[in-house]
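Read off the chains here:
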Amino acid sequence: MVPPLFLDVLPDHYILDMCAAPGSKTFQLLEIIHQSIKPGFLPDGLVIANDVDVQRCNLLIHQTKRMCSANLIVTNHEAQYFPSCLSAKDFTRDEHGELKDILQFDRVLCDVPCSGDGTLRKAPDIWRKWNAGMGNGVHRLQVEIAMRGITLLKVGGRMVYSTCSMNPVENEAVVAEILRRSKGSVELLDVSYELPELVRRPGLRTWKVRDRGLWLATYEDVPISRRGVILPSMFPCDEICTSKLQSDSLYENATLNNSEVKNNCSFESGDHCVTMDIDNTTFKPLTMDIDNDPKKLGNDVTLVHISKDAEIEDDCKVGASQNDLDETKAKVSSFSLEHCMRILPYDQNSGAFFIAVLHKISSPHDDSVKAVGQSNRRMQRTQRSTSPGLGSDDQPVVRSSIDIPQDDPGVVEAASAPGPTDKFPSVKDDQGAVETENIEAFDNGEDGNLETKQTKENLLKHGKWRGVDPVVFFRDENTINSIRSFYGISDVFPLDSHLVTRNCDANHVKRIYYISESVRDILELNFKVGQKLKITSLGLKVFERQASKDNSGTCTFRLSSEGLPLLLPYIGKQILSASLEDFRHLLQYRTIKFPDFVDADFRENASTLISGCCVIVLKEKNKEIFQDDSSAIAIVCWKGKTNLSIMVSQLDAQELLERLQARFGGQRASGPDESDASLGASAEMEVSGAQVAEPDFVE
Ligand SMILES: C[S@@+](CC[C@H](N)C(=O)[O-])C[C@H]1O[C@@H](n2cnc3c(N)ncnc32)[C@H](O)[C@@H]1O
């Protein structure tokens, strides 16, 4: 997947994947932070993978299990209200004046929900379902999520905004709105030199908005009745504006007049936007002459030439009457949106998708904090008095997974119509604002505001999220010591304060998870601020309670397969190496009686292990055990009175057998499933001298 590749991720980065499920990009991000790390070590960074849909979160947890990462937290929030965990009461600043104790990220991936028209190739039913309203319907949410991402981004950090749509309303319009709102503290990066092998096309700087069969060139063309649905930010510029910083010939013939704001300009003429001296009746807008010759596209992203007085080339005339097109002239965005990337299916046989790479240059200025907060409140008051109410449009309504009570004023505000001079309305950005902090300048509200009515309702009294098991540090010393001693886990490997469970009752803990230092820091911050993070899953499952038929002398917690790669280099007891032949037999027959092992030494050593969980490592190159080799293959087993059984699922065992075959060759191994079915599942089979027997642990 391409978007994560533009994030320029390092192993020590704190990364937020805002809309992460089903997790293919999260997986990639985890791979990147882990890739240069030695076995038994963890990167300093972490990934927080968030999704509003709890079922999709579960899918993500399942998908990312294969990464065996202790550096992952999965959360379940509406991304636009993702908490920054700032405790308004007791925040502090470090020596550089940066806020401490606040959740901010080096990298943010903002792979937002979109209309998905770029996935047509693999989802052909989109041909039937698609309509222009789909893009218009998600634009607001996309901006809100992206703005939240910018707020949560550290100064100097990078955010990638991506969709799998080609609709400019979901793409360039969102990026332009981010730049407009951030007033110079965020820049759109030109990454044409990064990933040169990727064929990409430049972002658009001009487009029209389609609504109910009409092509709309400016917000002024939007019928009053549609202004709750079609927003100013959907247009290249919701005023006739261009950047005074842009001194190139593109705009040199335009008469710039900083003092005049015409055309119901809805936002302040700041650093990035000045108005042109125009008259609505006589003005011929600057238009773009986009060279669409595919041969000249590709890596060259500086394709946009603007010729004064040229007519807009509207490449999407289907359904638009010529009148529509003649009467409305599309505006040109003042931002360098050509730095965005459009990836088209036929350039390199992929899906179509859009990527913009943003860089946070500075914290927003204090005055912009007030301006944004005040203008939103002003706007909301206007809306309260002018709102036509819900249900007045035919666009898809974007709702969160959390049911919003009908009487919630925020919802009415969100769906109501902004007046022509209103900025883009934001839901619930008005509750208890603390206007003194820079962090909220980009915000739909600062942390206190983000704890919306809905989330407060879901956060029960004692810092516990409804429907989610609490996260608790596992500090039961007796159990930790018994685990350490049973498996001979080296003191070098820290267990204290790295183990968590999802059960407050230490006596009934079933699973214990290992968390990296970075995850632990976030968790401690989360406790400090009253558990604002709704954590669905975290860390790496390392130990599981295991009942056995004979409990004498054994440890009540077995090792988990997921956690084994991390613990392997530190395990000193209950570990043996087996020859390829015996290892294969174990995988094939799952339980083998000691006399049936081929290697006499292994037979002897296995029978003298303490009953209970143990680890069998595949012996290679005559080395006895080489646990700290990243290519070491090991499985969790159970030593019974008379036999050894693997604690690996049938499917995983089969996959491992296939990998062994690919790596070492030899006959393709078949599991008992593929053997003579007439023997029956309970029958003892003799294949290559190995016998299937009953395991001694309770499954
Ligand atoms: C394009 S998909 C993300 C794909 C994902 N990044 C991947 O690579 O597998 C968009 C995701 O956004 C989630 N979503 C929709 N609205 C959301 C919101 N308000 N906050 C967070 N996630 C949201 C959807 O559940 C969906 O999983």
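Since the model is a prediction, treat every value here as computed from it, not as a measurement.

With that out of the way, let us pick up the site of the ligand. Every one of the 22 residues lining the ligand counts as a neighbour, but Asp51, Arg56, Ala79, Gln80 and Asp111 are closest to it. Within the contact set of the ligand, a nitrogen atom lies 2.7 Å away from a side-chain nitrogen or oxygen of Asp111. If the ligand stood free it would expose 600 Å²; the protein chains cover 87% of that surface. For the shell around the ligand, the elements supplying multiple residues, two or more each, are α1 (24–34) and α4 (132–152). Grouping the constituent residues of the shell around the ligand by class yields 11 nonpolar, 5 polar and 6 charged.

Peptide bonds are, in most cases, trans, and in most cases residues other than glycine have a negative phi. The omega torsion of the bond from Ala21 to Pro22 falls at 5°, within 30 degrees of zero and hence cis. Positive phi values are uncommon outside glycine, yet Leu195 reaches one of about 45°. With respect to the helices, strands and loops of the structure, Leu195 is situated in the loop between β6 (186–188) and β7 (201–202).

Right, let's talk about the UniProt feature "binding site: S-adenosyl-L-methionine" (unreviewed entry) in the chain for a bit. Here, UniProt's "binding site: S-adenosyl-L-methionine" (unreviewed entry) annotation points to Cys19, Ala20, Ala21, Pro22, Gly23, Ser24, Lys25, Asp51 and Asp111. Despite a sequence span of 93 residues, these residues sit close together in the fold, their greatest C-alpha distance being 12.9 Å. Mapped onto the fold, Cys19 is located in the loop between β1 (14–17) and α1. Since its relative accessible area comes to 13%, Cys19 is described here as buried.

Another aspect to go through is the sheet that holds strand β18 (residues 472–473). An order of β18-β19-β20-β22-β23 is seen for the 5 strands of this open sheet, with the pairing classed as antiparallel. Looking at strand neighbours, the two that pair on one side only are β18 and β23 (557–559), the edges of this open sheet. Pairing of strand β19 (residues 499–501) with strand β20 (residues 511–514), which is carried by 2 bridges, proceeds in the antiparallel orientation. The residue bridging Leu499 from the neighbouring strand is Tyr514, located in β20. Contacts from helix α12 (residues 477–487) reach β19, β20, β22 (540–545) and β23 within the one sheet, and its direction differs from that of β23 by about 45°.

Right, let's get into the pattern of salt bridges. Under the defined criterion, the tally for this structure stands at 15 salt bridges. Arg180 is the partner of Glu177 in a salt bridge, and the nearest nitrogen-oxygen pair spans 2.7 Å. One end of the pair is Glu177 and the other is Arg180, both in helix α5 (residues 172–182) and 3 residues apart, which spans about a single turn. Classification of Glu177 by relative accessible area gives buried; the value is 4%. Overall, the relative accessible area of 11% leaves Arg180 in the buried class. Through salt bridges that share partners, Glu177, Arg180 and Arg181 make up one connected network.

Judged by side-chain charge, Asp12, Asp44, Glu517, Asp521 and Glu524 come together as a negatively charged surface patch. Along the chain, Asp12 turns up in the segment before β1. Judged by relative accessible area, which is 44%, Asp12 ranks as partly exposed.

To continue, consider the packing of helix α15 (residues 580–589) against helix α17 (residues 650–664). The geometry of α15 relative to α17 is characterised by a closest axis approach of 9 Å and an angle of 150° between their N-to-C directions. If you check the angle between α15 and α17, you find them roughly antiparallel. In this structure, the crossing between α15 and α17 has a hand that is left-handed. On the side of α15, the interface is formed by Leu580, Phe583, Arg584, Leu587 and Gln588, while α17 contributes Ala653, Leu656, Leu657, Leu660, Gln661 and Phe664. Residue composition of the contact of α15 with α17, grouped by class: 8 nonpolar, 2 polar and 1 charged.

Between α4 and α5, the shortest axis-to-axis distance is 10 Å and the interhelical angle comes to 45°. Between α4 and α5, the interaxial angle falls into the category oblique. Between α4 and α5 the crossing geometry is right-handed. Here His139, Gln142, Val143, Ala146, Met147 and Ile150 of α4 come into contact with α5, specifically with Ala173, Val174, Glu177, Ile178 and Arg181.

To continue, consider the environment of Ala578. Tracing the backbone shows Ala578 in strand β24 (residues 575–578). When its relative accessible area of 0% is taken as the criterion, Ala578 is described as buried. For the pair Ala578 and Ile616, spaced 38 residues apart in sequence, the C-alpha separation works out to 6.5 Å. Look past the residues within four positions of Ala578 in its chain and what remains in contact with it is Phe583, Phe602, Ile616, Val617, Leu618 and Lys619.

It is worth spelling out the packing of aromatic side chains at this point. By the definition in use, this model includes 9 aromatic pairs. Ring centres of Phe486 and Tyr487 lie 4.9 Å apart, and the angle between their planes is 85°; on these two criteria the pair is classed as edge-to-face. The exposure classification of Phe486 matches that of Tyr487, with both residues buried. Through successive ring pairs, a cluster of aromatic residues spans Phe493, Tyr514 and Tyr570. Between the NZ or CZ atom of Arg227 and the centre of the ring of Tyr219, over which it lies, the distance is 4.6 Å.

Thresholds, definitions, all that
- Residues numbered from 1 in each chain as written.
- Predicted model: local features only at pLDDT ≥ 70, side-chain atom pairs only at ≥ 80, totals over all residues.
- Heavy atoms only, no water.
- Near = heavy atom within 4 Å.
- Polar contact = N/O pair within 3.5 Å; in protein donor to acceptor, adjacent residues only side chain to side chain.
- Areas by Shrake-Rupley, 256 points an atom, 1.4 Å probe, with all protein chains shown as cover.
- Helix = DSSP H or I, 4+ residues; strand = E, 2+ residues; numbered from the N terminus.
- Nonpolar A, V, L, I, M, F, W, Y, C, P; charged D, E, K, R; others polar.
- UniProt positions renumbered as here; feature names shortened; annotations may be inferred.
- Buried < 20%, exposed > 50% of the residue type's maximum accessible area, 1.4 Å probe, protein only.
- Pairing = 2+ DSSP bridges.
- Contact = heavy atoms within 4.5 Å.
- Axes fitted to C-alpha atoms, helices over the stretch in contact; angles between N-to-C directions.
- Salt bridge = Lys/Arg side-chain N within 4 Å of Asp/Glu carboxyl O.
- Patch = residues over 30% accessible without salt bridge, like charges linked within 9 Å, V, L, I, M, F, W, Y side chains within 5 Å.
- Lys, Arg positive; Asp, Glu negative; His and termini not counted.
- Charge placed at Lys NZ, Arg CZ, Asp CG, Glu CD.
- Parallel < 35°, antiparallel > 145°, perpendicular 65-115°, else oblique.
- Left-handed = near helix turned anticlockwise from the far one by under 90°.
- Phe/Tyr/Trp six-rings, centres within 6.5 Å; stacked < 30°, edge-to-face > 60°.
- Lys NZ or Arg CZ within 6 Å of the ring centre and 35° of its normal.

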